[in-house]
Amino acid sequence: MRGSLPINGAKNSALKLVAAALLAEGRTTITNVPDIADMHAMADVARHLGVNVDASVPGTFVLDVPGELHTATPPELVQRLRASIVVLGPLVGRQRRARLAMPGGCNLGSRNIDLHLAGLARMGAEVTYGPDYVEATCERLSGANIELPFASVGATENLLLAAVLAQGRTRISNAAREPEIGDLVAFLQSMGARIQGTGTSELVIDGVDQLSPTHHAVLGDRIEAGTFVVAAALTGGDVTLTGVDPEHLRLALEKLRDAGASVSGDATTGLRVRAGDELRALDVVTLPYPGFPTDLQPQFLVLLSQARGTSMVTENVFDGRFSILGELSALGAEIDLEGHHAVVRGPRPLSGRTVTASDLRAGAALVLAGLVAEGETRVAEPHHIDRGYADFAGRLRALGGDVERADVPVDLEDVAAAP
Ligand code: UD1
């Protein structure tokens, strides 16, 4: 794969910025919004809450937020998008009540929201829930010291969004430090929020009475970029990506170097990845940022299936993240699962067949596998990929990949035959 590509705005930031916009009455404009299914679902969640969302200009959301928001979301919307749980904090903070259907989204094993709810309760919310809903009410939230037992991205964001309008000071310790949280903090600060500790694991928030609408461009998507650089290294390619800060991919890029690729450039000149002569085995351990991102783990599994030697991939964040293994084995990869470690022996030739995407990143990784598999690979259930990648097939094609989005029914007998 060869050529250059501008990276889109980050899904995992843009979704939360829509939730943050709920905090202020008036017109907020978000630019560099990726054209992905999850953003359309999030726009529908905001509309349901009473926001007028104008998405008619590509890449831009103009949100007209009313003085009073509706406080309930229906199951059909929330189940489309797990990240919609992030409207809980802003709704409770501003409207003092929320009732949400329980979130859907990727099938990644047990995806709990207990830390979100415990934190809100610490801030004074009364939280009740059942198997398919969660409800929180309060007078005004009050600041609290909250120590997260795990640096959860979603819990950090939800509590941050609740704390900006709370009475007094909230301290979130062991906060997640993902770059998308930095983007959310910058967005909230531009609305008038008082937040210290950006980029660190302790966020200190002094609540204010009111926030103002704002204008903000979403930061570049490090996971989309990471997916394309893996494609480059996997296919013996030379790819340059703009619109992303390579610093946000530091560990993944170090691993690519260890695997034999050459990596150069910066946020201004663009990130260039050139494949070396041969891919080498290595170990990968997923951890919260700045650790290796779990969202790039399946793509690296594919890469390592083509690397010489034995690699070990350890998943520490999501227990369902290895759902891709059966499909990769069906294509010819040699991978053994031992607890939360996958042992990959390579290189093994892959040969095309029909496989099924079980979640967003697994789906993207299977497409990458198809790029190097002999013959034709079909990835069924591509709607998972549409959730987080804008025109994935078209963008891979722009770099020379032979990939098509086929809206033809897949041969289910072929799928069923996969081991
Ligand atoms: C976000 C990202 C996702 C990424 C993940 C980790 C979005 C929309 N999604 O997901 O792409 O893979 O961060 O970088 O931004 N947990 C609990 N209780 C909680 C919250 C989380 O047990 O209250 C557990 C989860 O089950 C999971 C782990 O913590 O095993 C990580 O979850 P979290 O960091 O919250 O990820 P998400 O915000 O769901």
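As the structure is a computational prediction, the values presented were derived from the model and not from experiment.

**Focus on the confidence of the model for the protein**
Mean pLDDT over the protein: 93, with 95% of residues reaching 70 or higher. Taken as a whole, residues 104–110 scores under 50 in pLDDT and shows 25 contacts with residues more than four places along the chain or in a different chain. Confidence drops under pLDDT 50 across residues 412–419; counting only partners more than four residues distant or on other chains, this segment forms twelve contacts.

**A short note on the side chain of Arg94**
Position of Arg94 among the secondary structure elements: in helix H4 (residues 88–95). Looking at Arg94, its side chain comes within polar contact range of the main-chain oxygen of Gly67, at 2.7 Å. Those residues in contact with Arg94 that sit more than four places away from it in its chain are Leu22, Leu23, Ala24, Glu25, Val65, Pro66, Gly67, Glu68, Leu69 and Leu165.

**Observations concerning the site of the ligand**
Around the ligand sit 21 residues, and of these Asp114, Leu115, Ser152, Asp295 and Val317 come closest. Lys16 places a side-chain nitrogen or oxygen 2.7 Å from an oxygen atom of the ligand. Residue Val317 places a main-chain N or O atom 2.6 Å away from an oxygen atom belonging to the ligand. Relative to its unbound accessible surface of 740 Å², the ligand loses 87% to contact with the protein. Elements with a contribution of two residues or more to the shell around the ligand: helix H1 (11–21), helix H5 (114–122) and helix H6 (153–163).

**Overview of the sheet that holds strand E18 (residues 309–314)**
Strand order in the open sheet made by the four strands is E17-E18-E20-E19, with mixed pairing throughout. Two strands close off the open sheet at either side, each with one partner strand: strand E17 (283–285) and strand E19 (334–338). For this sheet, the mean angle separating the axes of adjacent strands, direction not counted, is 15°. Direction of pairing for E19 relative to strand E20 (residues 341–346): antiparallel, over a ladder of five bridges. What sits directly across from Leu337, in E20, is Ala342. Contacting E17, E18, E19 and E20, helix H10 (residues 297–305) runs over the sheet at an angle of about 30° to E20.

**Thoughts on the pattern of salt bridges**
Here the structure, examined in full by the defined rule, presents 20 salt bridges. Notably, a salt bridge pairs Asp38 with Arg387, separated by 2.8 Å at the nearest N-O pair. Note that Asp38 is positioned in helix H2 (residues 37–48) and Arg387 in the loop between helix H13 (383–386) and helix H14 (392–398), a separation of 349 residues in sequence. The residues Asp38 and Arg387 share a single accessibility class, namely buried. Salt bridges sharing common partners tie together Lys11, Asp38 and Arg387.

**Remarks on the sheet that holds strand E6 (residues 97–101)**
Read across the open sheet, the four strands follow the order E5-E6-E8-E7; overall the sheet is mixed. Where the open sheet ends on each side, the last strands, each with one partner, are strand E5 (72–73) and strand E7 (126–130).

**Let's talk about the environment of Pro66**
Turning to its location among the elements, Pro66 is positioned in the loop between strand E4 (60–65) and E5. Sequence separation between Pro66 and Leu22 is 44 residues; the distance between their C-alpha atoms is 8.6 Å.

**With respect to the pairing of strand E15 (residues 262–266)**
When E15 meets strand E16 (residues 270–274), the two strands line up antiparallel, connected through five bridges. Across the sheet, the residue bridging to Asp266 is Gly270, located in E16. The hairpin turn running from E15 into E16, its antiparallel successor, is three residues long.

**Structural notes on H4**
Burial runs high along H4: eight of the eight residues are buried. Residues of H4 that are buried include every one of Leu88, Gly89, Pro90, Leu91, Val92, Gly93, Arg94 and Gln95, and no others. Looking at the buried positions of H4, the neighbouring elements they touch are H1, E4, E6, H5, strand E8 (133–137) and H6. Trailing H4 by a residue or two, Arg96 shows a phi angle of about 70°, which is positive.

**Notes on the packing of aromatic side chains**
In the structure shown here, the tally under the stated rule is three aromatic pairs. Judged by centre distance (4.9 Å) and plane angle (85°), the rings of Phe292 and Phe300 are edge-to-face. The exposure class of Phe300 is buried, given its relative accessible area of 1%. Summarising the aromatic geometry, the rings of Tyr389 and Phe392 are spaced 4.6 Å apart at their centres and angled 40° between planes, so their arrangement reads as tilted. On the accessibility criterion, Tyr389 (2% relative accessible area) is buried. A network of ring pairs unites the aromatic residues Phe228, Tyr389 and Phe392 as a single cluster. When the ring centre of Tyr133 is taken as origin, the NZ or CZ atom of Arg99, which lies over that ring, is 4.0 Å away.

How each quantity is defined
- Residues numbered from 1 in each chain as written.
- Predicted model: local features only at pLDDT ≥ 70, side-chain atom pairs only at ≥ 80, totals over all residues.
- Heavy atoms only, no water.
- pLDDT = per-residue confidence, 0-100.
- Contact = heavy atoms within 4.5 Å.
- Helix = DSSP H or I, 4+ residues; strand = E, 2+ residues; numbered from the N terminus.
- Polar contact = N/O pair within 3.5 Å; in protein donor to acceptor, adjacent residues only side chain to side chain.
- Near = heavy atom within 4 Å.
- Areas by Shrake-Rupley, 256 points an atom, 1.4 Å probe, with all protein chains shown as cover.
- Pairing = 2+ DSSP bridges.
- Axes fitted to C-alpha atoms, helices over the stretch in contact; angles between N-to-C directions.
- Salt bridge = Lys/Arg side-chain N within 4 Å of Asp/Glu carboxyl O.
- Buried < 20%, exposed > 50% of the residue type's maximum accessible area, 1.4 Å probe, protein only.
- Phe/Tyr/Trp six-rings, centres within 6.5 Å; stacked < 30°, edge-to-face > 60°.
- Lys NZ or Arg CZ within 6 Å of the ring centre and 35° of its normal.

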